[in-house]
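Residues per chain are reported as follows:
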Amino acid sequence: MSIINLLPLVGAFHLFILLQAVDGARHPWSSSSSISTRRTFDSLPIRSIVANSSTRSSSTSSSTDESRTRISGFKAPLSLFGCGKDSIQRRKRHSLMSTNDIRGGSSDEANSHVVVANDDATDMQTQTTIQEDSDSSSFIINNNINKRSKTKKVDNDDERYSRQMFALGARAHKLVRSTTAILDGPMGGKKPSNKLDDVMIDGADGFDGLQGSVNEDHDSKRDDTSLAKFSEVPSGLLYEVAKNLALSGVGRIILVDDDDAAATPTDVGYFDGTLDDLGAAYRRAALSEIFGSSATLDDNESTKNIDVDDEEDDESDLEEFADRGATLLAEYIQRLNPGVQVDIIKRGKLLDLMRESDGADKDEDTVSLGTNPVVVCIDRSQSVQLEMNDACRYRCTASGKSEASVPFVSVETAGVHSRVFCDFGPNFVVVDEDGETPRSTLLDRVEEGDSSNNTNTLTVHCLEGERHDVSCGDVIQFQGDQSDGQDGSIKFPKYQVTTVKSPSCFTVKRSDEEEESAESLMILLGGGARSFARVKVPKSTSFLSLREILHPPNSDETEATRAFLEDESLFAPSDLDKSFDPVRRQAVMTCMTALDLFVKKYNRLPSRIGRKDHQNASKQKRTDIDRFHSLIRKLIKETDSASSQSDKWDSVIGQFAQTCRGKFTPIQALSGALAAQEVLKAATGLYNPVHQFLLYDCDEVLHGDEECSESESVESGQSYILGKHVCNKLARSRIFLVGAGAIGCELLKNLSAMGAATGSSNTKQGCLIITDMDTIEKSNLSRQLLFRDHDVGEFKSTAARAAMMRFLPDCHIEAHTSRVGDDEDGPFDDDFWASGCNVVLNALDNVEARLFVDRKCVSHGLGLVDAGTLGPKGNVQVVVPNYSESYGSSADPPEPDIPVCTLKNFPYEISHTIQWARDLFDGYFNRRPRQANDHVVEISQAEDLTNIAQALLEKLGEDAATDMAEELGEDLGVFPFIVGSDDPSDPEYVLAVKRASLNWAIERAHNLFFTSMDELIKKHPVDSLDDDGQPFWSGTRRPPKPLRFIPLDSEDDEVSAQQVIINERIAEFVAAATRLRMESFLTVSGEDGLSMISLDEALFALQVHAKELAKQRKSKPILHNLSGGGDSNTVSVILGKLNGAKTGASFLPRLNLADFEKDDESNGHVAFVTAASNLRALSYGIAPADPMETRRVAGRIVPAMITTTGLVSALSCLELVKLLKGVPLNIHRNAFVNLALPFFAFTAPLPAEEVVGVNGKTHTIWDSIVIKGSSKTPAELLTLNNFIEKVKKKAGCDDGVEISSISYGPYMIYANFLHSHDEELLETPILHIVKDAVVAEDGEDDDGDDFAFEEEMDGDEPKKTVELTVEQKAAISKLDHRRFIDFSVAVENEETGEEFELPVVRLERQKKDNTIDETEQ
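Residue positions are counted from 1 within each chain, in the order its sequence is given. Under the rules for a predicted model, residues below a pLDDT of 70 receive no local features and side-chain atom pairs below 80 are neither given nor counted, while totals for whole chains, interfaces and linings still include all residues. Side-chain measures here rest on the full set of heavy atoms in the structure, leaving out hydrogens and waters.

Q: How would you explain the overall build of the protein chain if you had to name every residue and give the values?
A: Numbering of helices and strands starts at the N terminus; helices are DSSP runs of H or I of at least 4 residues and strands are runs of E of at least 2. Helices and strands together make up the secondary structure of the protein chain, namely 42 helices and 44 strands. Long-range contacts, defined as pairs at least 24 residues apart, comprise 74% of the intrachain contacts of the protein chain with a sequence gap of at least 6. In what follows, residue pairs with any heavy atoms lying within 4.5 Å of each other are defined as contacts.

Here's what the structure looks like:
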C-alpha cells in the first residue's frame, strides 16, 4: 500500500497535517550520529517510504524533483510515516511534535520521494530516496550523504584514516574512498511464511529439525540472549566483510537484498543462520546499539523488553528492523563509519544494471555501480556465485574490452574450512606488488662490464656496509645529487638487474624502454650517481572467470575439472604444510562442489545429527553424512581421481562433512579479513591479489574432539563443531586481555561470539579482564570497531566494555585503566597473576610491555597468545605453558639508532634530516620555553647575575653554559621590546610579537642552513683528508652546500633557478618557525589567524634582512672565538647574555610549551618539521620528503589496517581454543602473514630450550626450585646461609658443587669469592639483603651509603634504625606485597671449574587463611 492509496482513508489534508506533525519528533533512543529508520510495509524495505501508483505511466517518474517532499530537522524513525489505520492511531500518541514548512510538490504525485534531512550540524545528514521498478518490484534505496553539508567533513577527514593511509599511500587511499563495494550475502531477517513453507522442507529448519519433528525442549537449551530466535540471523561473514570495508573507508557499500519472489530453495538452504554465532552476536550488537541496551525479543515474541518511551510503537519498530536484515546492516554500517554511503538493491535489479551496456547515471535518482565497483559474494551457493561472476564479466564479453569487467570476489566458510575466489578480469594491472617503499642504497662505484660479448652490462658496487634489496629482473634507477632542489642535473635511465653476485654487488643492463645517452653513461661511470633504488613496475595479471574454470567451453568437463584441480597456478598458498598437498586441495574443492549439490538436492546443509524414519522407527535411514559421501563418490567417479584412495583424502572428507553445517567464528573473521583485503586490492591495484583460489582450514583444532551423539542437540555453531566441553571451558575461563586497541577490539568481538566468560554469576567461574590506559583518538576509529565518534576522549577499556555488552550481555567483564608493567602499583599483583586469570591475550603496541607480560606468564605457568601488526604484515605467537619457548626467548634485532654525528653533521638519508628537524622542534618550542619558565624567577630576583653565570659554568661546562645563557637571552630578552599588554586582543602587542618572532626565525634559518654549513666546510674543505690519508668527504659523508636567501634583485649575486627554489624553501621554514615562536608568547592557535604568517610576508622579511646583512658584511669584520680566553672571559660572555634576559625576566612571563602532535595538521608542527628537514636535505643533496612521509617518520607512526588486525585476531582466537583444549605442542601454530603478497607461514612453536644443569640434569624456563620457610623459620627470617643450604639440597648439588652467585633481578646479592666468609652477611635474612639492595638503588643520591635500610634483630621482630624516604618506602612496600621472590642462582664445580645455571629459585612466603604471614607485615 502506498501513500496515494491512503488518500481515500485520511484525505490529502490529513496526510499533510500528519507529515507536518512528524517533523521534529524525537525519540530518547535516537542516535545523534545517524537517522534511525523503520518500515511499515512488508513489501517495502525498512528504510523506505514509496508513493507509487500502478496506474501512472512511467513518464511521470521524470518529475521526481518537483514531487520531492523535504522534512527538515527530522531524527525519528521513518516508520512514523506508517500508513494504515493502526499506524495512524499509534502516531497520534507521540507528544513531541512540531510543525515546519513542507517544501516540494504534492504528495499525490506518482513516484514521489520523501527526502529526510537533519539540520543538526553535529548529526549525520542523509537523504533517503526510493525507486520502484513496477515490473520486477525491485527497490533501490539510496542513503545519500547530503553533499553540501557533509562532503567537506567526510572527504577531508584524513585523521580517521591516517594510520591506514600510511599503509596504502595517498593514491590508493583516494581510490578506496571512491570505491563501491557490492555485497551479496545472507542478510537475515524474517521471510514471508509462505516462502519458508516452500523451501524449509524435510524438517531442515532449526537445530533438531533434521530429526523429523520439533523438539519442544530444544529451545530451552539455546542461548536466551540470542535475538536470532524469532528470525533468521545474518551471515557473520557478511558482517565481517562489511565491517572491514566500512572501517577502511570505501566510499559506498551496496547491499544486495534477496528477491523474495525469486528466492530458490538453494539460496535459503545454503546458509544455516541457527549455527552462525558471529552473525547472532552482530545482530544483538546492532539492535542494541540502535534501540538501546535492553532491546530483546524472545522466541515466540510473547514478551518484549524495549528501552524506549512508547513501548507499543517501538515493539513494532524493533520487529520491523529485525524483519529486514539488509536495513539493519545498513544502519550498523552507518554507525561504524558515517562517511560511507549505504544503498540497498534487489538482486534482480542489480543484475539488470550490471548487464546494461551504459553504466552511466540516467538521472540523479538512478543508482549506478559507480566508477570503481567491486562485487563480493558471501556465503552463497556456487550457482549464485556463477550468476554474479557472469554478470561482472558481461560488459567485458559484450564489448570486448577487458577494462569493462567488474572485479569479483567470493568467500564462504564451511565449518573449519574456507574458500576465497577472485576474478579481476582478463587484464588486471597490479601497480605495486608489495607496497614497500624502495630503499635508497648508497653507491660506491659503477664499473663497465665486459664489452667483448656486446651485453653492455654494468657492475654496481654498494658502499661498504650497505646491502642492496634487489633481485634478478628488478628495475633500478640511479640517483644523482639532489642539492639543486630537483631530481638531479642528469636524469639517469632505468636499468634491469641481470645477475646478483653478492649482497653488495650485482650487474645491470639498460632497460629496453630506456635510451641511454653517452653523457649520462660517462657521468654514471665517473661517480656522478650517489645512490640507487628499485623502481616499481606495474604488472598485468590475467584472471579466469569461475565459469571458465569450472565449466570451460568446448572441452570435456571431466578432463577440465581434473586439470584445474591439478593446476597449482590457480591456488594461492595459505599454509606451507597444506597448500602444496594436491590430495588435500582436491579433497576440499570436491567437498565444496558436493556441498552445493547436496543443498540443491535436499534444500539444506548436511548435518551429522541422525535422521530417523518416524513411520517405521525400527528402520534406520541413511544419515546426511552418508548422503554427502555418496555425492563425493559420484564426483570422484566422474573425475576419476586417484587421490581418493588415500587416508588423508578420507580424513579431509570426513572432517568437512562433520563440520560444514556450522560456522566457526575465528574462520569467519579470518575469511572476512582476506575477502575485504582482496576488495581493496581490486579497487586500487595495490598489493598482489589472490590468484585465484585461496583455501584455508584449521582442522587441527578438531584434535581430540569428543563425538556427538545422534540425538544430541547443540546450542551454537561452535559447540556443533568443537563440542560442548570446549565451549563450557571457554565460558568458565578467566581471560586477561592486555590492550583494548585495534587488536583488542577484534578479540573482544570474536570472544563475544564464542561465548567467552559467561560461565556463571560468580565471576570466579568465568570473567574477561581487560585493561588499557590509553584514551580513544579519532585515528582509532578506522580500525577499532567497538568505538564511535562520541567515544573520542574516553578510556578504551571502559568504552570497549560497554560495546562488548551489546555483543554478549551475559559476559562478565572487568575493565581497568591501569598500565601493566614493573613500575606499576595497580590491581595486577602476584595474587592476580596467580589466581586471577587462566590465559592471557596480548594486544599491545610495545615490546617492553610484551616482555613484562611474558615474564609473568612464565613465572605463573600461564598460556599466552601475542599478536602484532605492521601495515599488511602480522604475526601471532603462542606460548604453551611447560612446553614452548616464551616470547622473550627470542627477540628481533633492535632498530639501529642514528649516531649523533650523523644527525649533527653527516646525514645521508631523509630519515636523518627528519629526525634532526624533530629534535629541533622539541628544542625550540618545548625545551627552551620550559627552560625560560624554570629560570625566570631566579633571574628576575637576582641582584647580581655573576653567581648564576658561575653556577651554570660549573654545572654544565663552558659550551653548554654559553648556549643556555644565549637561549635565555633570546627567549626572555625579547620582552622589553614588545609593547602593549600581554593580550592577544591588543593589535599592537600581537604586531610586536610577530615582528620579534619573524626576526628570530630569519636568524635561525641563516644560522642553521648557512653559517653552520659554512663553518663545517671551512673546518673540513672538500679536498681534505682524514687521519688515515683517505678523502674526508667519502662514503656516507657528503659535503653540505650552505644555503642562504638571495633577493631576486640582488646586485652582488646571480640568482639561478636553483636559488629560486632555495628561497622558497627558506621562506617556508621562516613562516612555520615564526608561527610557532609567536604561539610561545601568545595564547592563540593558528585557527585564530593571529599567528599565521603568509609566504609573501616571509619572503618580504627575508629580502629586507638579506639586504641589511649585505650592508653589515661590507662594513663590519666577522668576529671569531668569542668564548676563548679562559674561565673569566667565559663568565663575562655568559654574564653579557644573561644581562639581556634580566630586563625581560622582570615582566615574569610564562612561555607556552608545544608538544609535538602528529595528528593535527592545523597546528603547524608537521609543517615546521617538513620545512626544516627538506632544507637540510637540500643542503646535503638528499631527495626531500612530502609532509605525509615526514609525519610518519617524525611521529613514529606505525601503519595499521583493519584487515590485518582482523586476521591476526582470528588466528589468536584459534590458538586460545587450542590452549583451552590442551592440544599437543605440534598442533599449535605461530603465524607470520603478509596480506600484500599474499604470504602465509604457519609453524609449530619451538620447544623450550633445555639447559644442562648440575649432574647432567636439564631444565627449561618453566622449571623452578621452590624454597619455603617453616613454622620455626618463616621465609621472612630465612638467612642467606640457610637459603644457600636449602638450594643446594633441592638442586641435588654434590659436595664439590658450591653456589657461586645469587642475583635478584639486576642486583647481585651474593658472590662466593666476595662473601663466602662474610659471617654477618650470611646470617642476615635474605629478604633483608634484597631490600637493602633495592633501597640503596633508590637512595644512592642521598649520602652515598651502601645500605640505606638496616635492621637489627630483637627476638622475632625487626627493628628499623634508619628513616626511609618516600621512594624507599614504596620500594619496600612492593617487596612486602610479593607472594614470592625469584632468584637467579649459579653453581660451580670446584674440581672442574664449570659453572651451571640452576632453574629459577623461588622463595615462597607462607600464607595463612589467604593472607600474608604475620611476620611479613
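Q: Now, about the pairing of strand S20 (residues 505-510): what can you tell me, with residues and values included?
A: Every other side chain in a regular strand lies on the same face of the sheet, so the side chains alternate between the two faces. DSSP bridges decide pairing: two strands pair if at least two such bridges lie between them. The pairing of strand S17 (residues 457-462) with S20 spans 5 bridges and is classified as antiparallel. Within S20, the residue paired with Thr459 across the bridge is Thr507. By the bridge criterion, 6 bridges tie strand S19 (residues 494-502) to S20 in an arrangement that is antiparallel. The residue of S20 that forms the bridge with Val497 is Val508. Turn length for the S19-S20 hairpin, with the two strands adjacent in sequence and antiparallel, is 2 residues.

Q: Summarise the packing of aromatic side chains; cite the residues concerned and give the values.
A: A pair of aromatic rings is counted whenever rings of Phe, Tyr or Trp (Trp by its six-membered ring) have centres within 6.5 Å, and the orientation is called stacked for planes under 30 degrees apart, edge-to-face for over 60 and tilted otherwise. All chains considered together, the criterion is met by 40 aromatic pairs. Ring geometry for Phe564 against Phe571: centres 6.1 Å apart, planes inclined by 15°, an arrangement best described as stacked. This pair shows no difference in class: Phe564 is buried, exactly as Phe571 is. Ring geometry for Phe925 and Trp1000: centres 6.2 Å apart, planes at 65°, overall edge-to-face. Of the two residues, Phe925 is situated in helix H28 (residues 910-941) and Trp1000 in helix H31 (residues 987-1019); the sequence distance between them amounts to 75 residues. Aromatic rings pair up to connect Trp916, Phe921, Tyr924, Phe925, Trp1000, Phe1009, Phe1069, Phe1156 and Phe1168 into one cluster. Whether a charge sits over a ring comes down to the Lys NZ or Arg CZ being within 6 Å of the ring centre and within 35 degrees of the ring normal. Between the NZ or CZ atom of Arg585 and the centre of the ring of Phe571, over which it lies, the distance is 5.2 Å. The lysine or arginine in question, Arg1077, covers the ring of Trp1000, its NZ or CZ lying 4.4 Å from the ring centre. Using a 1.4 Å probe on the protein chains alone, a residue whose accessible area is under 20% of its type maximum counts as buried, one over 50% counts as exposed, and one in between counts as partly exposed.

Q: Quick rundown of helix H20 (residues 665-684)? Include the residues and the values.
A: Between its terminal C-alpha atoms H20 stretches 29 Å, which fits the 28 Å expected from 20 residues at 1.5 Å a residue. With 20 of 20 residues buried, H20 is to be regarded as a mostly interior element. Gly685 sits one or two positions beyond H20 and adopts a positive phi of about 75°. Given the number of residues in a helix, its expected span is that number minus one, multiplied by 1.5 Å.

Q: Lay out the packing of helix H7 (residues 236-248) against helix H9 (residues 277-291) with the relevant residues and their values.
A: Two numbers describe how H7 lies on H9: the axes approach to 7 Å, and their chain directions differ by 60°. The pairing of H7 with H9 is recorded here as oblique in orientation. Contacts from Gly236, Tyr239, Glu240 and Lys243 of H7 reach H9 at Leu278, Gly279 and Tyr282. All amino acids are sorted into three groups, where Ala, Val, Leu, Ile, Met, Phe, Trp, Tyr, Cys and Pro are nonpolar, Asp, Glu, Lys and Arg are charged, and the leftover types, Gly among them, are polar. Partitioned by chemical class, the residues of the contact of H7 with H9 number 3 nonpolar, 2 polar and 2 charged. Axis lines are fitted through C-alpha atoms, for helices just across the contact stretch, and the angle between N-to-C directions can take any value from 0 to 180 degrees. To sort the angles, those under 35 degrees are grouped as roughly parallel, those over 145 as roughly antiparallel, those from 65 to 115 as roughly perpendicular, and the leftovers as oblique.

Q: Lay out the sheet that holds strand S18 (residues 475-479) with the relevant residues and their values.
A: Sheet architecture is closed into a barrel: 6 strands sit in the order S16-S17-S20-S19-S18-S21, paired in antiparallel fashion. Between one strand and the next, the sheet's axes are offset by a mean angle of 50°, whatever the strand orientation. Bridge count for S18 against strand S21 (residues 531-535) is 5 bridges, and the pairing is antiparallel. Bridge pairing in S21 places Gln479 opposite Ser531. Strand contacts of helix H14 (residues 518-525): strand S16 (441-448), S17, S18 and S19, with the helix running at about 115° to S16, the strand carrying the most contacts.

Q: Account for the environment of Lys856, with residues named and values stated.
A: Its place among the elements puts Lys856 in helix H26 (residues 847-860). Remark: the alpha-carbon pair of Lys856 and Trp833, spanning 23 residues in sequence, is separated by 7.1 Å.

Q: I'd like to hear about the pattern of salt bridges, residue by residue, with values.
A: In what follows, salt bridge is the name for a side-chain nitrogen of Lys or Arg lying within 4 Å of a carboxyl oxygen of Asp or Glu. Counting across every chain of the model gives 62 salt bridges. Of the charged contacts in the structure, one is a salt bridge between Asp444 and Arg445, with a shortest N-O distance of 2.8 Å. Close ionic contact of Glu970 with Arg1004 constitutes a salt bridge, the shortest N to O distance being 3.4 Å. Of this pair, Glu970 sits in helix H30 (residues 958-973) while Arg1004 is found in helix H31, placing the two residues 34 residues apart along the sequence. Accessibility expressed as a relative area gives 9% for Arg1004, which makes it buried. Taken together, the shared-partner salt bridges connect Lys578, Arg584, Asp697, Asp699, Glu700, Glu1215 and Lys1218 into one network.

Q: Pulling in residues and values, what's your account of the environment of Phe166?
A: When you line up the elements, Phe166 lands in helix H4 (residues 162-168). Phe166 sits in the buried class, given a relative accessible area of 13%.

Q: Would you mind going over the sheet that holds strand S32 (residues 1239-1243) in detail, with residue names and values included?
A: Whenever strands of a sheet pair, they do so through backbone hydrogen bonds, lying parallel or antiparallel. The sheet built from 8 strands is open, its strands ordered S27-S26-S25-S28-S29-S30-S31-S32 with mixed pairing. On the outer flanks of this sheet lie strand S27 (813-816) and S32, each paired with one strand and no other. Each neighbouring strand pair of the sheet contributes to a mean axis angle of 10°, computed without reference to strand direction. Taken strand by strand, helix H23 (residues 742-753) contacts strand S25 (734-738), strand S26 (767-771), strand S28 (839-842) and strand S29 (863-870), and its axis lies near 155° from that of S25. In the packing of helix H24 (residues 796-807) onto the sheet, contacts are made with S26 and S27, and the angle to S27 comes to roughly 160°.

Q: Give a detailed account of the nonpolar core, specifying residues and quantitative values.
A: Counting residues in each nonpolar core, the largest one holds 130 residues, and the members touching the most others are Leu183, Leu245, Ile253, Leu255, Leu1207 and Leu1211. The contact partners of Leu255, leaving out residues within four places of it in the chain, are Leu183, Met187, Ala326, Leu329, Ala330, Ile333, Val342, Asp343, Ile344 and Ile345. Only buried Ala, Val, Leu, Ile, Met, Phe, Trp, Tyr and Cys residues count toward a nonpolar core, and they belong to the same one when joined by side-chain atoms within 4.5 Å. Formed by 80 residues, the second largest nonpolar core is a distinct cluster that contains Ile914, Leu968, Leu1016 and Ala1177.

Q: Describe the packing of H28 against H30, and please don't skip the residues or the numbers.
A: Where H28 contacts H30, the two axes come as close as 10 Å, and the packing angle between them is 85°. As far as their axial angle goes, H30 and H28 are roughly perpendicular. Note on element contacts: H30 touches H28 through Met964, Glu967, Leu968, Glu970, Asp971 and Leu972, opposite Arg927, Arg928, Gln931, Ala932, His935, Val936 and Ile939. When its residues are assigned to classes, the contact of H28 with H30 shows 6 nonpolar, 2 polar and 5 charged.

Q: Can you break down the side chain of Arg1176 residue by residue, with the values?
A: Mapped onto the fold, Arg1176 is located in helix H35 (residues 1165-1179). Engagement of the side chain of Arg1176 in a polar contact is seen with the backbone oxygen of Leu903, the distance being 3.0 Å. Leaving out residues up to four positions away in the same chain, Arg1176 has contacts with Leu903, Lys904, Asn905, Pro907, Thr913, Trp916, Phe1009 and Met1013. For this analysis, a polar contact is any N or O atom pair within 3.5 Å, provided that within protein one partner can donate a hydrogen and the other can accept it, and provided that sequence-adjacent residues contribute only side-chain to side-chain pairs.

Q: Which residues make up a positive patch on the surface, and what values do they have?
A: Here, patches come from residues exposed beyond 30% relative accessible area and free of salt bridges, joined within 9 Å for like charges and within 5 Å for nonpolar side chains (Val, Leu, Ile, Met, Phe, Trp, Tyr). The accessible surface values rely on the Shrake-Rupley method and a 1.4 Å probe; as for residues, cover is taken only from the protein chains in view. Only four residue types enter the charge count: Lys and Arg as positive, Asp and Glu as negative, with His and the chain ends excluded. Note that the charge is assigned to NZ on lysines, CZ on arginines, CG on aspartates and CD on glutamates. A surface patch of like charges, here positive, comprises Lys601, Arg622, Arg633 and Lys634. Mapped onto the secondary structure, Arg622 falls in the loop between helix H17 (582-602) and helix H18 (624-639). Classification of Arg622 as partly exposed rests on a relative accessible area of 44%.

Q: Account for unusual backbone geometry, with residues named and values stated.
A: Only a minority of non-glycine residues have a phi that is not negative, and only a minority of peptide bonds are not trans. For the peptide bond that leads from His691 to Gln692, omega is -15°, which places it in the cis range. The step from Leu1237 to Pro1238 runs through a cis peptide bond, and the omega angle for that step is -15°. On the secondary structure map, Pro1238 appears in the loop between strand S31 (1230-1234) and S32. The phi dihedral of Tyr687 falls on the positive side, at around 85°, and the residue is not glycine. Looking at the element boundaries, Tyr687 is found in the loop between H20 and strand S24 (693-697). When its relative accessible area of 1% is taken as the criterion, Tyr687 is described as buried. Positive phi outside glycine occurs at Arg1196, with the angle close to 50°. Among the structural elements, Arg1196 can be located in the loop between helix H36 (1187-1194) and helix H37 (1202-1221).

Q: Run through the environment of Glu1079, naming residues and quoting values.
A: Counting through the fold element by element, Glu1079 comes out in helix H32 (residues 1057-1081). Counting along the chain gives 13 residues from Glu1079 to Met1092, while the straight-line C-alpha distance between them is 9.7 Å.

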